[in-house]
Amino acid sequence: MEIELKFNIQSDRVADAIWEDELFASMEEADSREEMCLDARYYDTADYALSKSYIAYRVRKEGERWVAALKWRGTNVGALHKREELCVPVYDNKPDVSIFAQSDMGDELMRITGGRELECIFKTQVHRKMFRIDTGTSIFEISIDSGRILTPYGQEPINEVEIELYSGETDELLEIGKMLTDRYELTIAENSKYARGINLIMNGR
């Protein structure tokens, strides 16, 4: 399960300040800082069967590698997002539901799509800066994202910070989030990138 906090960043200045801040210096894992471009495509049937079933199918280039991901059963309360997630390394950005065949969710995916062709419904282009912190009881990854959601019906900017729980307790995740929001007056990001893309499409059709 993917568990993370999402917050909106109000300016490039704030994004740079978070990246350069030594707030978590004593907890930061050595050599964990990384920057990469994330180019993602989200796929669905022509009648949006996956979206209607609350399933996101994404293929993303992460630096030099491609990763396909399924996300489902998503919930969020304020900034806290939880959802089931399944990731599989792939060779390119072509959709192929058979790569999930060995999982229970793969069976569900096959049933919903029914062998129909999948098409790219929207894209995201993100520059991500990230680092990990280890509190001794929990491990988190902090990601600062800037970019765009690109759909046939319009675009939206991406300026946000995500704090993902790798191991440990949700209560400590919330404490880390509070430290950042108190320092930078961040606002809650209630919708994921996927949800924002779907909203753009549905409002534009």
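Model, not experiment: these values are computed from the prediction.

Student: Can you help me understand the overall build of the protein chain in this one?
Tutor: Along the protein chain, the regular secondary structure elements total five helices and nine strands. Traced from its N-terminal end to its C-terminal end, the protein chain shows the element sequence β-α-β-α-β-β-β-α-β-β-β-α-β-α. Expected size for 205 residues packed as a compact globule is a radius of gyration near 17 Å; at 17 Å, the protein chain falls within 12% of this value. With the C-alpha coordinates of the protein chain rotated into their principal frame, the extents come out at 50 × 35 × 35 Å. Here the protein chain, with 205 residues, has 48% of them falling under the buried criterion. If you take every contact in the protein chain between residues at least 6 apart in sequence, the share linking residues at least 24 apart comes to 66%. When the accessible surface of the protein chain is summed, it comes to about 10900 Å², and 45% of that surface belongs to carbon and sulfur atoms. Charged side chains in the protein chain number 26 positive and 40 negative. The centres of these two groups are separated by 6 Å.

Student: Can you walk me through the pairing of strand 5 (residues 80-90) in this structure?
Tutor: Successive side chains on a regular strand alternate, one facing one side of the sheet and the next facing the other. Pairing analysis gives four bridges linking strand 1 (residues 2-8) to strand 5, with the strands arranged antiparallel. Bridge assignment links leucine 5 to a residue of strand 5, and that residue is leucine 80. Relative to strand 5, strand 4 (residues 65-77) is paired through 10 bridges, and the arrangement is antiparallel. By the bridge assignment for strand 5, valine 77 is matched with leucine 80. Where strand 4 hands over to strand 5, the hairpin turn is made up of two residues, of which glycine 78 adopts a positive phi near 65 degrees.

Student: Would you explain the packing of aromatic side chains in this entry?
Tutor: The relative placement of two aromatic rings is captured by the distance of their centres and the angle of their planes. This model, assessed by the stated rule, comprises six aromatic pairs. Centre to centre, the rings of tyrosine 42 and tyrosine 194 are 5.7 Å apart; their planes meet at 35 degrees, and the pair counts as tilted. Of this pair, tyrosine 42 sits in strand 2 (residues 34-44) while tyrosine 194 is found in helix 5 (residues 193-204), placing the two residues 152 residues apart along the sequence. Exposure remark for tyrosine 42: the relative accessible area of 6% places this residue in the buried category.

Student: How should the pattern of salt bridges be read in this particular structure?
Tutor: Oppositely charged side chains can form a pair if their charged atoms are brought close together. If you walk through the whole model with that rule in mind, you get 21 salt bridges. Between lysine 193 and aspartate 145 there is a salt bridge whose closest N-O contact spans 3.1 Å. Taken together, the residues lysine 193 in helix 5 and aspartate 145 in strand 7 (residues 139-151) connect sequence positions 48 residues apart. Like lysine 193, the residue aspartate 145 is buried in the burial classification. Several salt bridges share partner residues, and in doing so they unite Glu2, Glu4, Lys6, Lys71, Arg83, Glu85, Arg128, Asp145, Glu160, Glu162 and Lys193 into one network.

Student: What exactly am I supposed to notice about the pairing of strand 1 here?
Tutor: Of all seven residues making up strand 1, six are buried, and the element is well covered by its neighbours. By the bridge criterion, five bridges tie strand 1 to strand 8 (residues 154-167) in an arrangement that is antiparallel. For glutamate 4, the partnering residue across the bridge sits in strand 8 and is glutamate 164. Sheet analysis places strand 1 next to strand 9 (residues 187-188), joined by two bridges and oriented antiparallel.

Student: How do you make sense of the side chain of arginine 196 when you look at a structure like this?
Tutor: If you trace the backbone, arginine 196 turns up in helix 5. Of the residues examined, arginine 196 reaches a relative accessible area of 15% and is grouped as buried. Other than its neighbours up to four places away in sequence, arginine 196 contacts Ile149, Glu156, Pro157, Ile158, Glu160 and Asn191.

About the cut-offs
- Residue numbers run consecutively from 1 along every chain, following the written order of its sequence.
- Only residues with pLDDT of 70 or above have their local features reported here, since the model is predicted, and side-chain atom pairs are shown and tallied only from 80 upward, although totals for entire chains, interfaces and linings are computed over all residues.
- Side-chain metrics in this entry use all non-hydrogen atoms of the structure; hydrogen atoms and water are not considered.
- Runs of H or I in DSSP of at least four residues are treated as helices and runs of E of at least two as strands, each being numbered from the N terminus.
- In this treatment the radius of gyration is a C-alpha quantity, and the globule benchmark scales as 2.2 Å times the residue count to the 0.38 power.
- Only protein chains enter the accessibility calculation, which uses a 1.4 Å probe. A residue is then buried if its area is under 20% of the maximum for its type, exposed if over 50%, and partly exposed in between.
- In this description, contact between two residues means that some pair of their heavy atoms is separated by no more than 4.5 Å.
- Computed with a 1.4 Å probe, the accessible areas rest on the Shrake-Rupley method; for each residue, only the protein chains presented here act as cover.
- Counted charges follow a simple rule, with Lys and Arg positive, Asp and Glu negative, and His plus the chain ends left uncounted.
- For charged residues, the charge sits on one atom: NZ in Lys, CZ in Arg, CG in Asp, CD in Glu.
- Pairs of strands are assigned from DSSP output, requiring at least two bridges between the strands.
- Aromatic rings from Phe, Tyr and Trp, with only the six-membered ring used for Trp, were paired whenever their centres fell within 6.5 Å, and each pair was classed as stacked if the ring planes differed by under 30 degrees, edge-to-face if by over 60, and tilted otherwise.
- Salt bridges, as used here, are contacts in which a Lys or Arg side-chain nitrogen is within 4 Å of a carboxyl oxygen on Asp or Glu.

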